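Fold and geometry: a report
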Amino acid sequence: MDFPRRNAAEFTFGTGTTAGPSPEAVAVVAQRLLEVATELQALRSRLDTWFTVDWSSLAATAFRQDLAQRELDIAGAGRSIEDAAGAVRRYGVLLAAQELAAQPGSPGGVP
């Protein structure tokens, strides 16, 4: 996925101007993070099939134990990414609110 690219010369400072990412760009990042979390869940689902393989031995037991730990690790990573997506989304909402407040005629905005 391509993200909007900007260089430093495009950012301005002063009354009524902003610097940094747009709320829309932040929303794109939040959405992509959720997609990554979904991809990790799909990976976990594929790993689940290995638990049903008919294989009995000490190596099979060790493999399943290691697989279970990896599955827990992937689940934790997925939760962390979902948390990050939520934080990024909230940041985008804050940016949008600030953008709206800075518009002429809005409460707290430029007269």
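Structural notes, computed from the coordinates. Computed from a predicted model, the values in this text were never measured in an experiment.

1. Things to note about the overall build of the chain
- Across its full length, the chain carries two helices and zero strands.
- Relative to its full complement of 111 residues, the chain shows a buried share of 18%.
- Long-range contacts, defined as pairs at least 24 residues apart, comprise 57% of the intrachain contacts of the chain with a sequence gap of at least 6.

2. Some words on the packing of aromatic side chains
- In this structure the tally under the stated criterion is two aromatic pairs.
- An angle of 50° between the planes, with centres 5.7 Å apart, marks the rings of W55 and F63 as tilted.
- Looking at W55, the relative accessible area reads 38%, which means it is partly exposed.

3. Quick look at a nonpolar patch on the surface
- On the surface, a nonpolar cluster with roughly 380 Å² of combined accessible area is contributed by W50, V53, W55 and F63.
- Its place among the elements puts W50 in the loop between α1 (23-48) and α2 (58-101).

4. Observations concerning the pattern of salt bridges
- Counting across every chain of the model gives four salt bridges.
- For the salt bridge of E39 with R32, the shortest nitrogen-to-oxygen distance reads 3.1 Å.
- Overall, the relative accessible area of 44% leaves E39 in the partly exposed class.
- Between D73 and R70 there is a salt bridge whose closest N-O contact spans 3.1 Å. Of this pair, D73 and R70 both sit in helix α2, three residues apart, which is roughly one turn of the helix.
- Connected through shared salt-bridge partners, R32, E35 and E39 make up one network.

5. With respect to α1
- Compared with an ideal rise of 1.5 Å per residue, which puts 26 residues at 38 Å, α1 spans 38 Å between its outermost C-alpha atoms and is within 8% of the ideal.
- When α1 is considered as a whole, its buried residues turn out to be P23, A25, V26, A30, A37, L40 and L47.
- In this structure, the buried side of α1 is in contact with α2.

6. Some remarks on α2
- In a regular helix each residue adds 1.5 Å, so 44 residues correspond to 64 Å; α2 covers 65 Å between its end C-alpha atoms and thus fits that length.
- When α2 is considered as a whole, its buried residues turn out to be A60, R64, L67, E71, I74, A75, G78, A85, G86, G92 and L95.
- Where α2 is buried, its residues meet α1.

About the criteria used
- Residues numbered from 1 in each chain as written.
- Predicted model: local features only at pLDDT ≥ 70, side-chain atom pairs only at ≥ 80, totals over all residues.
- Heavy atoms only, no water.
- Helix = DSSP H or I, 4+ residues; strand = E, 2+ residues; numbered from the N terminus.
- Buried < 20%, exposed > 50% of the residue type's maximum accessible area, 1.4 Å probe, protein only.
- Contact = heavy atoms within 4.5 Å.
- Phe/Tyr/Trp six-rings, centres within 6.5 Å; stacked < 30°, edge-to-face > 60°.
- Patch = residues over 30% accessible without salt bridge, like charges linked within 9 Å, V, L, I, M, F, W, Y side chains within 5 Å.
- Areas by Shrake-Rupley, 256 points an atom, 1.4 Å probe, with all protein chains shown as cover.
- Salt bridge = Lys/Arg side-chain N within 4 Å of Asp/Glu carboxyl O.
- Expected span 1.5 Å × (residues − 1).

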